[in-house]
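Below, each chain spelled out in residue letters.
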Amino acid sequence: MQFSQSFFSCQGTVHVMYIITSGLLLLAFISHAMGVPPLVRVGAIFSNKPGEYNSELAFRYAVHRLNLDKSLLPETTVEYYIEYVNRLDSFEAVQKACKLVGVGVQAVFSPTDSVLATHINSICDALDIPSIGRSAHDFSINVYPSQQYINQAFNDVIHYLNWTRFGILHEKEYGIINLHQLSRSTQGEVHMRQVSPGSYLSVLNEFKCKEIHNIIIDTTSDGISILLKNILQQQMNEYKYHYLFTSFDLETYDLEDFKYNFVNITSFRLVDIGDVGVKQILKDLQSYSHHMIQKSFLNPHERKSIALESEPALMFDSVYVFAIGLQTLEQSHTLNLLNMTCDAEIPWNGGLSLINYLNAVEWKGLTGPIQFKEGKRVQFKLDLIKLKQHSIVKVGEWTPHGHLNITEPSMFFDSGSMNVTLVVITILETPYVMMHYGKNFTGNERFYGFCVDILETISHEVGFDYILDLVPDRKYGAKDPESGEWNGMVAQLMKYKADLAVGSMTITYARESVIDFTKPFMNLGISILFKVPSSEPTRLFSFMNPLAIEIWIYVLIAYFLVSVCIYIVGKLSPLEWKYIHPCDLENISIGNQFSLSDSFWFTIETLMQQSTDIYPRAMSTRIISSIWGFFSLIIVASYTANLAAFLTTERMINPIENAEDLASQTEISYGTLDSGSTMTFFRDSMIETYKKMWRSMDNKKTTAFTSTYEDGIKRVNQGNYAYLMESTMLDYIVQRDCNLTQIGGLLDTKGYGIATPKGSPWRDKISLAILELQEKGDIQMLYDKWWKNTDETCIRRSTIKQSKANALGLESIGGVFVVLMAGIFVAAVVAFFEFWFNFRHLQRASLIKAGVNDESIQGVIAETEWSYSPPTRCFWTEIFEELRYASWCMNKQKRPELTRVCSQCKIPQRQTYI
């Protein structure tokens, strides 16, 4: 006792953290009539296997410490009884439990072995004696975390790691997780193998041959040590392997040979050995163990070093849970102690109260927060730990309410440098992956392009080297609907012959079901590549296009009808008549301004928006003129507005505008890349238009499908062929070949991603790198580099700013000049005939005057108006003189030989010949 007092004199800090809250400390000293008897007996049953040593030691130490520290049970001493059983002998376990009942124990601490605990709990359940252990019966308290939550914790880790193909190694009579529940809740390919220490090697070899890199290990502690040696023997300690241990004691194993090969080892732990309080208890436990060995209570050869594993920690917490429940019971009930036997089968009347108070215990022990519901532990915390170089570190935690919380995601997606070389396959496709064929280029230097630049950037971000090579069959990968076999890069990844597949590889549902994809680094869709249609031939009289030919005819007919109508109405209206020579009083005559020629002239001038010297005076003619003016306004305005569109817009003859047009015709053939995602899209589509297109392409396989994009582009340039391809590749081709264009919009939306085998640890690492590159704009800069290089792109007319109208050429409005020249020519011909007619008229008049004899007209008074008669000359001489005068005297309005007089308001002189 003197040793004990000196040994525990410095444990005040630990008492505060792990014993009881301040409220319970105050309640412990409240005096009351009812209470707990001064001596309480408890029993414990342990199996005789070596692994039970630490649990037994923790039990002894917890009771010893409880008796020494009177803060919980100040007037009570706990006395314990220990029995040992063979874990394979259930009958012996029942007998030992009945023996403890006969001693008068108020609680039985069952062994960690779940099989033995079940038999022992059945005895305790019948006698209403609390059983604290691994199973959950009516009168049992399971300090071990609830099985339901344990399954959920491991399931969350599997989902976080995105395991879709993994193996499970489990032993028959051991299991922390429920394998059936885990397999049902996981969507993926699960390979479960029941193993024993002798079959570890063969099963690991099987997993290695099947390329199963993610493995859950659910074995005993002794089995884990053997398994780790077999893993090293199979050389399965590389970066590509990830082991998830269900043991909570991973830190107690020797992992020195696994620290420097980048192998992934992950597990949960219940006890945080880095906690100051836990370290202090572990130190005291080692001292106590040494003291017990010296007093021959323990075998000194069983274990020389003490490791605070989860099972001993749970046993320690179980003792204190019982003490706290007993203390709470003391405040309201009196605990009666009765000697019971298994033969009498008389339940203990105080057991029900005690079990209820144990269920209400809330405490923080070595294994974290503790809380129960119907005997099951529903409050705890699991630390997620992972092997890192030189040490094991905490990377997250799991709680029943908060579930999985990863605090160090970089441990799973480390962007640091790793001495790892990945096999990367690709396919040649401009501008994604292209190849130098010179002798000076070897290895990865042979390849260049957009995807090669992305791969190089990601390799630096994530931290790996790579060997880039071409896929043997030069295909992306499609599933044969008859055989179900995959080809191309998909098949290579499924067979684990490559670690990554980089290129213009589309993420599809079918591919995602057999391989994994990273986040898309480029979004796209299917579109139609077609040759630029020939423009509508420019006609000389294209300025007449704004109005249809029938409109021109109707306008011409309206012109003649209105002109004749004005002529007739002008003749009938009195207001349109006026005096011609008002100064000639002897020959008063009236005239009408709307002669037939003047009517046609007035109508055409109004149509041409020109002013005339003819102004209608009658109401009838004004009405006709107004209606004709309104008609002319609408016709001219419509013509002018439509003329701008016709002369400034180049109209294209497009035989197809979209996929529906392509599917509904037979003159233009169409196709796509063989064994590509575009072909799969049409093959699996449920849209009727695309199904019709697929039937047409499937019937013409030899002509519809091409082995490469280059073959399809060549066929499009030959004409009468449309190629269905992905928009990014189409955009690259269109910007470099102005003879090709895109028809319609996108038929679907999808993305390009980097492909990995199922469950690859590189998928999430590369996805994070892609997202980072997208946020920084690096991928967009690479896109501009390979797509919009001005040295390679062609200049299209459509790229000119829309604010600037296209200049009109002679071929568009040349007809106007033709009309002008034709009008000038007609006017010249008319002027020639007018001059000729006037010349003949004047010549005839001269001849008549020359032939008159003065004697013949004597006595006759001839009255004539004075006029000038030029000398008789030749017609061609006369016209030459007129042209010469026009060229010399262009600014003169009178000829020297001719003096005009005003004939209006002047009575001409008369001459009388006798």
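Definitions and limits used
Residues numbered from 1 in each chain as written. Predicted model: local features only at pLDDT ≥ 70, side-chain atom pairs only at ≥ 80, totals over all residues. Heavy atoms only, no water. Helix = DSSP H or I, 4+ residues; strand = E, 2+ residues; numbered from the N terminus. Buried < 20%, exposed > 50% of the residue type's maximum accessible area, 1.4 Å probe, protein only. Contact = heavy atoms within 4.5 Å. Areas by Shrake-Rupley, 256 points an atom, 1.4 Å probe, with all protein chains shown as cover. Polar contact = N/O pair within 3.5 Å; in protein donor to acceptor, adjacent residues only side chain to side chain. Pairing = 2+ DSSP bridges. Axes fitted to C-alpha atoms, helices over the stretch in contact; angles between N-to-C directions. Left-handed = near helix turned anticlockwise from the far one by under 90°. Nonpolar A, V, L, I, M, F, W, Y, C, P; charged D, E, K, R; others polar. Salt bridge = Lys/Arg side-chain N within 4 Å of Asp/Glu carboxyl O. pLDDT = per-residue confidence, 0-100. Phe/Tyr/Trp six-rings, centres within 6.5 Å; stacked < 30°, edge-to-face > 60°. Core = buried A, V, L, I, M, F, W, Y, C linked by side-chain atoms within 4.5 Å. Disulfide = S-S within 2.5 Å.

Some remarks on the overall build of the protein chain
Helix and strand counts for the protein chain come out as 29 helices and 31 strands. The buried share among the 914 residues of the protein chain stands at 45%. For the protein chain, long-range pairs separated by at least 24 residues make up 71% of all intrachain contacts whose partners lie at least 6 apart in sequence. Summed over all atoms, the accessible surface of the protein chain reaches about 48,000 Å², with 56% contributed by carbon and sulfur.

A word on unusual backbone geometry
The linkage connecting T430 with the following residue, P431, adopts the cis geometry, with an omega of 0 degrees. Unusually for a residue other than glycine, D128 sits at a positive phi of about 60 degrees. For D128, the location among the structural elements is in the loop between helix 6 (114–127) and strand 4 (131–133). Its identity is not glycine, yet N162 carries a phi of approximately 60 degrees, on the positive side. For N162, the position within the fold is in the loop between helix 7 (147–161) and strand 6 (165–170).

With respect to the side chain of K758
As for its position among the elements, K758 is in the loop between strand 31 (755–756) and helix 26 (762–776). Polar side-chain contacts of K758 include one of 3.0 Å to the backbone oxygen of E512. Those residues in contact with K758, other than ones at most four positions away along the chain, are T164, R165, Y496, E512, S513, V514, I515 and D516.

Section: the sheet that holds strand 27 (residues 669–672)
What the 4 strands build is an open sheet, ordered 27-28-24-29; its pairing is mixed. Strand pairing shows two members of the sheet lacking a second neighbour, strand 27 and strand 29 (740–743), which therefore form its edges. The mean inter-strand angle of the sheet, taken between neighbouring strand axes irrespective of direction, is 30 degrees. One ladder, built from 4 bridges, connects strand 24 (residues 526–531) with strand 28 (residues 721–726); its direction is antiparallel. Within strand 28, the position partnered with S527 by the bridge is M725. Where helix 22 (residues 688–699) meets the sheet, it contacts strand 27 and strand 28, and its direction lies at approximately 90 degrees from that of strand 27. Docked against the sheet, helix 24 (residues 709–718) engages strand 24, strand 27, strand 28 and strand 29, running at close to 145 degrees with respect to strand 28.

A closer look at the packing of helix 21 (residues 677–684) against helix 22
It is the contact of helix 21 with helix 22, at a shortest axis distance of 7 Å, that shows an interaxial angle of 115 degrees. When you trace helix 21 past helix 22, the crossing you get is left-handed. Counted together, M679, F681, F682 and R683 of helix 21 and Y690, M693, W694 and M697 of helix 22 form the full contact between these two elements. Its residues placed into classes, the contact of helix 21 with helix 22 shows 7 nonpolar, no polar and 1 charged.

Comments concerning the pairing of strand 11 (residues 362–365)
Side chains W363 and G365 project from strand 11 onto a buried face, and the interleaved E362 and K364 project onto a face without burial. One ladder, built from 4 bridges, connects strand 11 with strand 12 (residues 368–373); its direction is antiparallel. Within strand 12, the position partnered with W363 by the bridge is I370. Between strand 11 and strand 12, which follow one another and run antiparallel, lie 2 residues.

Looking at the pattern of salt bridges
Side-chain pairs of opposite charge can arise where the charged atoms are in close proximity. Per the stated rule, a full pass over the model turns up 26 salt bridges. Residue E206 pairs with K210 through a salt bridge whose shortest N-O separation is 3.2 Å. Residue E206 is classed as partly exposed on the basis of its relative accessible area of 25%. It is possible to trace a salt-bridge network through shared partners that takes in E251, R269, D272, K381, D383, K394 and E397.

A closer look at the sheet that holds strand 8 (residues 214–218)
Read across the open sheet, the 8 strands follow the order 7-6-8-9-10-14-15-16; overall the sheet is mixed. Looking along the sheet, the strands with just one partner apiece sit at the ends: strand 7 (189–194) and strand 16 (403–406). Recorded for the sheet is a direction-independent mean angle of 25 degrees between the axes of neighbouring strands. With respect to the sheet, helix 7 is in contact with strand 6, strand 8, strand 9 (242–245), strand 10 (264–269), strand 14 (382–388), strand 15 (391–399) and strand 16, its orientation differing from that of strand 16 by roughly 40 degrees. In the packing of helix 9 (residues 200–209) onto the sheet, contacts are made with strand 6, strand 7 and strand 8, and the angle to strand 6 comes to roughly 175 degrees.

Let's talk about the side chain of S110
Counting through the fold element by element, S110 comes out in the loop between strand 3 (108–109) and helix 6. Residue S110 is classed as buried on the basis of its relative accessible area, which comes to 2%. With sequence-adjacent residues up to four places away left out, S110 is seen in contact with I45, A117, I120, N121, S131, I132, G133, R134 and M315.

Describing the pairing of strand 10
The element strand 10 is largely enclosed, with a buried count of 6 among its 6 residues. What you see with strand 10 is no split at all: N264, T266 and F268 on one side and I265, S267 and R269 on the other are buried throughout. In this structure, strand 9 lies alongside strand 10, joined through 4 bridges in parallel fashion. Across the sheet, the residue bridging to F245 is S267, located in strand 10.

So, the environment of G759
Within the element layout of this structure, G759 appears in the loop between strand 31 and helix 26. Residues G759 and H242, spaced 517 residues apart in sequence, show a C-alpha to C-alpha distance of 9.9 Å. Setting aside its immediate chain neighbours within four residues, G759 contacts N162, T164, N214 and D516.

Describing the confidence of the model for the protein chain
When pLDDT is averaged along the protein chain, the result is 78; 77% of the residues meet or exceed 70. Confidence drops under pLDDT 50 across residues 300–305; counting only partners more than four residues distant or on other chains, this segment forms 4 contacts. Below pLDDT 50 for its whole length, residues 799–803 participates in 0 contacts with residues either more than four positions away or in separate chains.

A look at the packing of aromatic side chains
Enumeration according to the criterion identifies 36 aromatic pairs in this entry. Ring centres of F450 and F521 lie 6.3 Å apart, and the angle between their planes is 50 degrees; this geometry places the pair in the tilted category. With F450 in helix 14 (residues 450–462) and F521 in the loop between strand 22 (516–517) and strand 23 (522–524), the pair connects residues that are 71 residues apart, well separated along the chain. Each member of the pair, F450 together with F521, is buried. Taking 5.8 Å as the distance between ring centres and 50 degrees as the angle between the ring planes, the aromatic pair formed by W694 and F705 counts as tilted. On the criterion of sequence distance, the pair formed by W694 in helix 22 and F705 in the loop between helix 23 (701–704) and helix 24 is long-range, its members being 11 residues apart. Feature note: the residues Y432, F450, F521, Y732, Y752, Y783 and W787 constitute an aromatic cluster, connected by ring pairs.

A few points about the nonpolar core
Residues F59, F109, I216, F248, F268, F322 and L382 are the most contacted members of the largest nonpolar core, which totals 94 residues. Counting residues per element, this core draws most heavily on helix 12 (residues 310–330), at 12 residues. The residues contacting F59, other than those within four sequence positions of it, are V42, A44, F46, Y80, I82, F109, M315 and V319. Core analysis: the next-biggest nonpolar cluster, separate from the first, contains 66 residues, I425, L493, V716 and A769 among them.

Some words on the packing of helix 12 against helix 13 (residues 351–359)
Where helix 12 contacts helix 13, the axes come no closer than 8 Å and their chain directions differ by 115 degrees. Taken as a pair, helix 12 and helix 13 cross one another with a handedness that is right-handed. Residues V321, F322, G325, L326, T328 and L329 of helix 12 pack against S353, L354, Y357 and L358 of helix 13.

Things to note about the state of the cysteines
Disulfide: a covalent bond connecting the sulfur atoms of a pair of cysteines. Considering all chains together, one arrives at 1 disulfide under this definition. Residue pairing for C98: its cysteine sulfur links by disulfide to C342, the two sulfurs lying 2.2 Å apart. Between C98 and C342, the S-S dihedral sits near -110 degrees, and the bridge is therefore left-handed. On the criterion of sequence distance, the pair formed by C98 in helix 5 (residues 90–103) and C342 in the loop between helix 12 and helix 13 is long-range, its members being 244 residues apart.

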